[in-house]
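Per-entry structural report
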Amino acid sequence: MAIALTLPTASGALAPYTLRGTTPVKPPAGAKFNRIAYSAAHVVADPLAAVDPWLQCAVDWDATIDYRRHLWSLGLGVAEAMDTAQRGMGLDWPTSLELIRRSLDAAKDVPGALVASGCGTDHLNLDEVKNVDDVIRGYEEQMAAIEALGGKLIVMASRALARVAKSPADYERVYDRILSQARQPVVLHWLGDMFDPALAGYWGTADVDRAMDTALGIIAAHPDKVDGIKISLLDKDKEIAMRRRLPAGVRMYTGDDFNYAELIAGDGHGSEPTHGKSDALLGIFDAIAPAASAALGELAQGNIEKFHAILGPTVPLSRHIFAAPTRFYKTGVVFMAWLNGHQSQFTMVGGQQSTRSLQHFAELFRLADAANLLEQPELAVRRMKTLLALHGVEG
């Protein structure tokens, strides 16, 4: 029997919608990948905590760690305490460090589980940061705390550095200091200003090509300390150009939530294996985890057409979730987790569930259905109807 409900359209009208009725994507157990694939994972808020949601952070730790176990069970790594976890948009540094500690502890029970953790400067008061030495000290504080737990670092882009740096040389000085001290190779993190306007002009210039030159120079000076770089510019040509210039063995981790399928598939260009393909460190992999796992398994077996057949339909969903203002994409990621039964409620730290409209959620629902990503269709419909009812839409 077909499952149907009433959904608002972009024009504000109401229209019936019938689910496609296709089988949800479910990857085989134990699939092996030939790409490294991290999912930047969200946090589950605690709606029963007596806090002011805009001002204080309350996390449901059990549900949050359970979701990481779900990602590991699908063969995906976890990029911890990143922007998908609302780092800098509701998740403060003390809570981030506790999240990292709990995630690393849980990973010990999962053979082969990958975890890399965000190291930044978000604990600094921007009004008190006067120079790059203050930024260095900020990075070093978080770096020491994460490495003391045995964690691998993702060196996140710094709002404080973007604010006080006066030239590319300031970036070179900061990253030279941090990379020189790292206990193990790190992942660098270049987040475009569409994700965070405070990061405009990162690497010391608004010219992306010149910024890329600076970043590549830093990597070339420390190739043994850089596992790879994640760039989130939503520009596949820029990513490919940078990928082809990386030193041997340094990976490009795509953060392009618009073009990830073709970037991961790769073009085979270049003499170095890492020049011809991207690995992945993606926020959208949180929302499409079963499809990501299934597709990567097919790619590893050389089934490129099946890879694209599975992952291709998820791209329109991702482009919708990451639509401008892109920084609000976390709301769509958490909404998907709620629809699919991975958490019992749809609230977010910082009250961020309010950042998208009902029409946005309705289109997200339709696109998730089209991509075969509603893992429990009946549950998803019930929960969608709950959201609709809260907005005065019955039926």
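What you see is a predicted model; the values in this text were computed from it and never measured.

With that out of the way, let us pick up the environment of Lys32. With respect to the element layout, Lys32 can be found in the loop between strand E2 (14-18) and strand E3 (37-40). You can call Lys32 exposed: its relative accessible area is 66%. Placed 43 residues apart in sequence, Lys32 and Gly75 show a C-alpha to C-alpha distance of 7.5 Å. Setting aside chain neighbours within four positions, we find Lys32 in contact with Leu296, Gly297 and Ala300.

Now for the side chain of His42. Mapping His42 onto the fold places it in the loop between E3 and helix H1 (61-73). Given the relative accessible area of 1%, His42 is considered buried. Polar contacts involving the side chain of His42 include one to the side chain of Asp286, which spans 2.8 Å. Side chain to side chain, His42 and Gln343 meet in a polar contact 2.9 Å long.

The next point concerns the pairing of E2. Sheet topology places strand E1 (residues 4-8) next to E2; five bridges connect them, and they run antiparallel. Looking across to E2, one finds that Ala4 is bridged to Thr18. Connecting the antiparallel pair E1 and E2 is a turn made up of five residues, with Gly12 showing a positive phi of about 95°.

Taken in spatial order, the eight strands close into a barrel running E3-E4-E5-E6-E7-E8-E9-E10, and their pairing is parallel. Mean inter-strand twist for the sheet, computed between neighbouring axes without regard to direction, equals 25°. Here helix H6 (residues 208-221) sits on the sheet and contacts strand E7 (186-191) and strand E8 (226-232); the angle it forms with E7, its principal contact strand, is near 170°.

This paragraph deals with empty space enclosed by the protein. A water-sized probe, rolled over the atoms, reveals where empty space remains. One pass over the structure, following the stated rule, counts two cavities of 30 Å³ or more. Each pocket or cavity is described by its volume, and for the largest cavity that value is around 50 Å³. In terms of lining, the largest cavity is formed by Ala40, Met82, Asp83, Thr84, Phe195, Lys230, Ser232, Asp257, Leu281, Gly283 and Tyr329. Taken together, the residues that form the lining of the largest cavity break down as five nonpolar, three polar and three charged. Contributions of two or more residues to the lining of the second largest cavity are made by helix H9 (284-287), helix H10 (289-300) and helix H13 (329-339). Looking at the lining of the second largest cavity, its residues break down into six nonpolar, two polar and two charged.

Take the layout of surface pockets next. As a volume, the largest pocket reaches approximately 420 Å³. If you go around the largest pocket, you meet 25 residues; those closest to its centre are Arg87, Gly88, Asp122, Arg159 and Asp196. Sorting the residues of the lining of the largest pocket by element identifies helix H4 (159-164) and E7 as the ones contributing at least two each. Split by residue class, the lining of the largest pocket holds eleven nonpolar, six polar and eight charged.

Analysis parameters
- Residues numbered from 1 in each chain as written.
- Predicted model: local features only at pLDDT ≥ 70, side-chain atom pairs only at ≥ 80, totals over all residues.
- Heavy atoms only, no water.
- Helix = DSSP H or I, 4+ residues; strand = E, 2+ residues; numbered from the N terminus.
- Buried < 20%, exposed > 50% of the residue type's maximum accessible area, 1.4 Å probe, protein only.
- Contact = heavy atoms within 4.5 Å.
- Polar contact = N/O pair within 3.5 Å; in protein donor to acceptor, adjacent residues only side chain to side chain.
- Pairing = 2+ DSSP bridges.
- Axes fitted to C-alpha atoms, helices over the stretch in contact; angles between N-to-C directions.
- 1 Å grid on protein atoms, 1.4 Å probe; cavity = no way out; pocket = protein on both sides within 12 Å on 5 of 7 lines; lining within 4 Å.
- Points joined across faces, edges and corners; volume = space filled by probe spheres on them.
- Nonpolar A, V, L, I, M, F, W, Y, C, P; charged D, E, K, R; others polar.

Geometric descriptors of this kind do not, in isolation, establish any biological role.
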